Amino acid sequence: MKIVVGGQVDKKEIESLIKEIDSSITTMVKSDLEAAMAVKTGQADYYVGACHTGGGGALAMAIALLGKPDCETVSMPGKKPVEEKIVIAVNEGKKAFGFTADHKETAVPMIIKALKNKS
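In short, a report on the structure. If you're wondering where the values come from, they're calculated on a predicted model, not measured in any experiment.

Each value, and the rule that gives it
- Residues numbered from 1 in each chain as written.
- Predicted model: local features only at pLDDT ≥ 70, side-chain atom pairs only at ≥ 80, totals over all residues.
- Heavy atoms only, no water.
- Buried < 20%, exposed > 50% of the residue type's maximum accessible area, 1.4 Å probe, protein only.
- Helix = DSSP H or I, 4+ residues; strand = E, 2+ residues; numbered from the N terminus.
- Pairing = 2+ DSSP bridges.
- Axes fitted to C-alpha atoms, helices over the stretch in contact; angles between N-to-C directions.
- Parallel < 35°, antiparallel > 145°, perpendicular 65-115°, else oblique.
- Left-handed = near helix turned anticlockwise from the far one by under 90°.
- Contact = heavy atoms within 4.5 Å.
- Nonpolar A, V, L, I, M, F, W, Y, C, P; charged D, E, K, R; others polar.

With respect to burial, strand 3 (residues 46–51) is a largely interior element, 6 of its 6 residues being buried. By the alternation rule, side chains of strand 3 split into Tyr46, Val48 and Ala50 and Tyr47, Gly49 and Cys51, which are all buried. Two elements, strand 1 (residues 2–7) and strand 3, share 5 bridges in a ladder whose sense is parallel. The partner of Ile3 across the bridge, within strand 3, is Tyr46. The pairing of strand 3 with strand 5 (residues 96–100) spans 5 bridges and is classified as parallel. Its bridge partner being in strand 5, Gly49 is matched across the sheet by Gly98.

Structure, rendered in structure tokens:
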């Protein structure tokens, strides 16, 4: 599995979280545009990104290049990630996941677990 880390904040920390969960996952840290393009062109399987709102800077380029149906806002200020919703999004085929930076320790493990258990 190849995951590209985009978004506006905490890219290296998010990459480290992914590696702590599963060191076999290939990760790349890129700008938003490069990250979304990597998924669009098949260089990466999934995109994760954080910003302060969960959907703006985290997913703007992914939405623009991949389309809204392939993107999921996992958390927003005051709205924590919900594992069941992440599982549904993954099983629906979503490829890009955005969340607020303060939820990264919760959101990233949920996303990785859902991706690894995709039905």
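On to the packing of helix 2 (residues 32–40) against helix 3 (residues 56–66), then. Remark: helix 2 packs on helix 3, axes separated minimally by 9 Å, with the N-to-C direction vectors making an angle of 40°. The orientation of helix 2 with respect to helix 3, classified from their angle, is oblique. Along this stretch, helix 2 crosses helix 3, giving a crossing that reads as right-handed. Packed against helix 2, whose contacting residues are Asp32, Leu33, Ala36, Met37, Val39 and Lys40, the element helix 3 presents Gly57, Met61, Ala62, Leu65 and Leu66 at the interface.

It is worth spelling out the environment of Leu33 at this point. With respect to the helices and strands, Leu33 occurs in helix 2. On the basis of relative accessibility, which here comes to 46%, the residue Leu33 falls in the partly exposed class. Residues Leu33 and Leu65, 32 residues apart in the sequence, show an inter-C-alpha distance of 8.4 Å. For Leu33, the contacting residues outside a window of four places in its chain are Met61 and Leu65.

In this structure, Phe97 sits in strand 5. Residue Phe97 is classed as buried on the basis of its relative accessible area, which comes to 0%. Beyond its immediate sequence surroundings of up to four residues, Phe97 is in contact with Tyr46, Tyr47, Val48, Gly49, Leu59, Glu72, Val74, Ala89, Val90, Ile111 and Leu115.

A word on the packing of helix 4 (residues 83–91) against helix 5 (residues 104–116). Axis separation between helix 4 and helix 5 bottoms out at 9 Å; the angle between their running directions is 40°. With respect to helix 5, the element helix 4 is oriented oblique. Our pair here, helix 4 against helix 5, has a crossing hand that is right-handed. Listed contacts from helix 5 to Glu83, Ile86, Val87 and Val90 of helix 4 are Met110, Ile111, Lys113, Ala114 and Leu115. Residues that form the contact of helix 4 with helix 5 fall into these classes: 7 nonpolar, no polar and 2 charged.

Note that every value here comes from positions in space, so none of it alone points to a role or purpose.
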